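Tertiary structure, described
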Amino acid sequence: MTISSPPAASLDNCNNKSNNYFTASSSRPLLVDLIKDIRRDVKGEDRNISIIIYTCLSAYTPDPINLALVSPSSEGKTYLVVHVLSRFPQEDVWMYRQVSPKTFTRERGVLAIRTIENNKESFQTKVRNEFTGETMSVAAYLNYLREAINEKKKNIDVTPEEAREALSELEDRLYTLIDFRDKILVFLDRPDPALWNEMLSVLSHDKEFIVTSFVEGEGIKRNRKVVFQGWPAVIFCTSKEEDFNWKDLETRFQIIEPVMKEQKYREALEHNFKTEYALNTKEDNSNITERLKQLIEWIRENRPKTIFPFPPERLVQALTQGHVPSGDLMRKIPRLVRHVAMNALFHKDERIILYNGKEHAIVIAYEDIMSLGYLFDDIELGASFTGLGAASYELLAKVIMPMFSNSDPDESESFVKQSLIKESYREYLASLKYSRSSFSPATFTRRMKELEQRGFIKRVPDEEDKRGLKVIPTWSEVAEGFSMVKRIRDMPDAKIKGRDGKLVSIWKIEDFSYLDHLEKLNYTAYWKNRKLVSH
């Protein structure tokens with residue numbers, strides 16, 4: 001069968017209180033209403049709106065998405081991000097233009113004590129006052145001890161000597177804790193390099209606690225011990241001219257570009273004039289905001305997993321087809337699949353939910369895989385795997401590589417004059433009914449520079465034209481990205497070898513009963529507040 005709706009099973013009404021975990025379906029999907037609401041203010045960015053929404057929702061999951069919006073200045077990165085974020089709980093949004101490690105630590109950090117119990121490290125923000133028995137914050141306990149030492153007020157519970165000894169023992173284990181869990185961290189501009197370098201380890205999602213230190217103080221300097229807990233969903237807005245290591249971005253971030261085309265600019269100008277010089281006809285969106293809040297609260301409370309309705313190795317087999325991808329692609333494939341999981345979360349009321357009394361799991365449906373086709377076209381998929389901006393990948397895939405279609409990849413002397421590529425690029429964009437960018441000599445030069453810097457092409461002087469250049473593609477770099485685009489595009493209907501050696505769809509599960517298997521693990525399957533009973 002295909003898990004796009006409940007499997008062939010009877011539906012039994014469940015009156016048990018535990019079924020209140022599974023809310024009734026609303027008349028229209030929240031995601032549809034949310035995107036429609038944001039489109040009232042943000043024009044021409046439908047796909048990017050969806051991707052940013054998924055990124056924000058991922059903050060409340062175990063593996064948040066890191067997203068980079070890359071484009072030249074004044075292309076609407078900040079406007080787009082700010083309007084999407086305005087729909088999410090503002091207490092969870094940490095937004096900065098520029099911030100130093102010192103400011104960031106003081107604004108977001110709380111004092112904590114490092115403890116190790118059963119060989120497991122933790123950091124506690126509350127401690128027991130050993131003299132009064134009261135539980136209080138670490139900061140309050142430090143203040144209590146310091147007042148006792150300085151004898152600022154009479155304290156019958158502790159002597160200055162006892163307080164001094166307790167303070168010395170406490171300071172050895174004292175850290176500033178920054179808790180990133182359930183947070184959306186936004187950099188609207190280039191952050192301080194020192195903070196950025198410390199954040200790189202957080203962005204890798206390798207360890208729950210990461211200990212570092214920052215130097216602070218005027219004159220007499222001291223180290224402040226800092227510990228980061230958990231991982232935020234990070235949104236980083238940057239221009240291509242900024243001096244960052246592109247490898248850091250590519251390996252840790254999903255990279256997208258704002259749409260840069262005349263139609264978007266025209267619609268945005270019309271919206272600006274309507275906002276300024278026309279009566280306000282905008283509908284109240286409080287219901288949408290409240291529904292989003294309820295979804296986030298449900299995720300916080302239940303911390304659901306998202307699972308495929310078949311063994312995970314089937315998906316790996318379909319994506320790799322026996323080919324072992326490079327290390328970079330190994331990191332990028334799970335990043336893309338995270339968007340599938342977010343689609344399932346947004347549509348949880350239309351998905352099978354498994355529950356064993358402790359843990360919830362949402363079963364990813366065929367429609368969730370298909371959602372990748374809406375989020376990413378072939379150009380955007382290719383950009384995701386190559387780490388290029390979408391417009392630069394489009395230039396490579398749709399203009400440059402077809403000019404070498406009859407060339408031998410092993411023939412290093414194959415080249416095309418850059419002037420011919422430039423003219424072909426102009427004609428290609430003009431032929432499109434909808435393009436993601438407009439042509440200009442400056443944008444063409446910038447994109448060619450990016451392709452060269454990222455190793456996808458080489459440019460050498462043209463002996464026949466002293467001011468011209470010859471372009472040579474780097475075949476191995478291009479081929480792997482092209483191959484992965486096709487596999488992702490085919491994923492909803494991917495086929496693998498079954499037990500009998502024949503090709504079967506990864507969604508076909510005749511060779512085992514999924515619900516029966518889950519029943520043995522004490523999971524019960526629900527759909528729309530009803531229990532699924534397998535036969």
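Residues numbered from 1 in each chain as written. Predicted model: local features only at pLDDT ≥ 70, side-chain atom pairs only at ≥ 80, totals over all residues. Heavy atoms only, no water.

1. Some details on the overall build of the chain
Along its length, the chain carries 19 helices and 23 strands. A buried classification covers 49% of the 535 residues belonging to the chain. Long-range pairs, those at least 24 residues apart, make up 72% of the contacts in the chain between residues at least 6 apart in sequence. (Helix = DSSP H or I, 4+ residues; strand = E, 2+ residues; numbered from the N terminus. Buried < 20%, exposed > 50% of the residue type's maximum accessible area, 1.4 Å probe, protein only. Contact = heavy atoms within 4.5 Å.)

2. Details of the packing of aromatic side chains
By the definition in use, this model includes 14 aromatic pairs. Ring plane angle 75° and centroid distance 6.1 Å describe the contact between W94 and F104, whose orientation is recorded as edge-to-face. Of this pair, W94 sits in strand β3 (residues 93–96) while F104 sits in helix α4 (residues 101–108), and the two are ten residues apart along the sequence. According to the relative accessible area criterion, W94 is buried, its value standing at 6%. For F104, a relative accessible area of 0% corresponds to the buried category. When the ring of F123 is compared with that of F209, the centres are 5.1 Å apart and the planes differ by 50°; the resulting orientation is tilted. In this pair, F123 sits in strand β5 (residues 120–124) while F209 sits in strand β10 (residues 209–216), placing the two residues 86 residues apart along the sequence. (Phe/Tyr/Trp six-rings, centres within 6.5 Å; stacked < 30°, edge-to-face > 60°.)

3. Digging into the sheet that holds strand β13 (residues 254–256)
Strand order across the open sheet formed by five strands is β3-β9-β12-β2-β13, with parallel pairing between neighbours. Edge positions in the sheet fall to β3 and β13, since each has one partner strand and no second. The average angle at which neighbouring strand axes cross in this sheet is 15°, direction not considered. Here four bridges tie β3 to strand β9 (residues 184–187), and the two strands are oriented parallel to one another. Considered in β9, the bridge of V93 is made with I184. Packing of helix α3 (residues 77–85) onto the sheet brings it into contact with β2 (66–70), β3, β9 and β12 (233–238), and relative to β12 it is tilted by some 155°. (Pairing = 2+ DSSP bridges. Axes fitted to C-alpha atoms, helices over the stretch in contact; angles between N-to-C directions.)

4. Topic: the side chain of T61
Within the fold, T61 resides in the loop between α2 (46–57) and β2. Judged by its relative accessible area of 11%, T61 falls in the buried class. Within the local environment of T61, its side chain forms a polar contact with the backbone oxygen of S58, the two atoms lying 2.7 Å apart. (Polar contact = N/O pair within 3.5 Å; in protein donor to acceptor, adjacent residues only side chain to side chain.)

5. Regarding the pattern of salt bridges
Considering all chains together, one arrives at 21 salt bridges under this definition. One salt bridge in this structure joins K417 and D462, with 2.5 Å as the shortest N-O distance. Placement of K417 in strand β17 (residues 416–417) and of D462 in strand β18 (residues 457–462) is noted, with a sequence separation of 45 residues between them. Three or more residues are tied together by salt bridges with common partners; here these are D37, R40, D41 and R87. (Salt bridge = Lys/Arg side-chain N within 4 Å of Asp/Glu carboxyl O.)

6. Some remarks on helix α14 (residues 378–386)
One turn of the α-helix equals 3.6 residues, which is why residues spaced by three or four share an orientation. Counting buried residues along α14, eight of its nine residues qualify, which places the element largely inside the surrounding structure. Here α14 has its buried residues at I379, E380, L381, G382, A383, S384, F385 and T386. Where α14 begins, the capping side chain belongs to D377, and its oxygen is found 3.1 Å from the backbone nitrogen of I379. Where α14 ends, the next residue or the one after it, G387, has phi of about 80°, a positive value.

7. Some thoughts on the pairing of strand β16 (residues 360–363)
In β16, alternate side chains face the same way, and those of H360 and I362 on one face and A361 and V363 on the other are all buried. Bridge count for strand β15 (residues 353–355) against β16 is three bridges, and the pairing is antiparallel. Note that in β16 the partner of I353 across the bridge is I362. In this structure, the hairpin formed by β15 and β16 is closed by a connection of four residues, where G357 is found at a positive phi of approximately 95°.

8. Details of the sheet that holds β17
Judged by pairing direction, the sheet is antiparallel, and its three strands sit side by side in the order β17-β19-β18 without closing on themselves. Strand pairing shows two members of the sheet lacking a second neighbour, β17 and β18, which therefore form its edges. In this sheet, strand β19 (residues 465–473) lies alongside β18 in antiparallel orientation, the contact comprising six bridges. When the sheet's bridge partners are listed, P461 is paired in β19 with L469. Running at roughly 115° to β18, helix α17 (residues 441–453) makes contact with β18 and β19 of the sheet.

9. Quick look at the environment of I421
Inspection of the secondary structure assignment puts I421 in helix α16 (residues 418–431). Among the residues examined, I421 registers a relative accessible area of 0% and is labelled buried. Here the alpha-carbon distance between I421 and K470, two residues 49 residues apart in the chain, equals 9.7 Å.

10. Description of the nonpolar core
A general tendency of soluble globular proteins is for nonpolar side chains to be buried together. The biggest cluster of nonpolar side chains holds 90 residues, and the ones touching the most others in it are I53, I184 and F346. It is helix α12 (residues 327–346) that provides the largest number of residues to this core, a total of nine residues. Contact partners of I184, with chain neighbours within four places excluded, come to C56, A59, Y60, L85, F88, D92, V93, W94, A233 and I235. In this structure, Y96, L195, L200 and V226 belong to the second largest nonpolar core, which totals 25 residues. (Core = buried A, V, L, I, M, F, W, Y, C linked by side-chain atoms within 4.5 Å.)

11. Quick look at the confidence of the model for the chain
Per-residue confidence for the chain gives a mean pLDDT of 80, with 81% of residues at or over 70. By mean pLDDT, the top-scoring element of the chain is β9 (96), and the lowest-scoring one is strand β1 (residues 10–13) (38). Per-residue pLDDT stays below 50 along residues 1–27; that stretch engages in 67 contacts with residues further than four places along the chain or on separate chains. (pLDDT = per-residue confidence, 0-100.)

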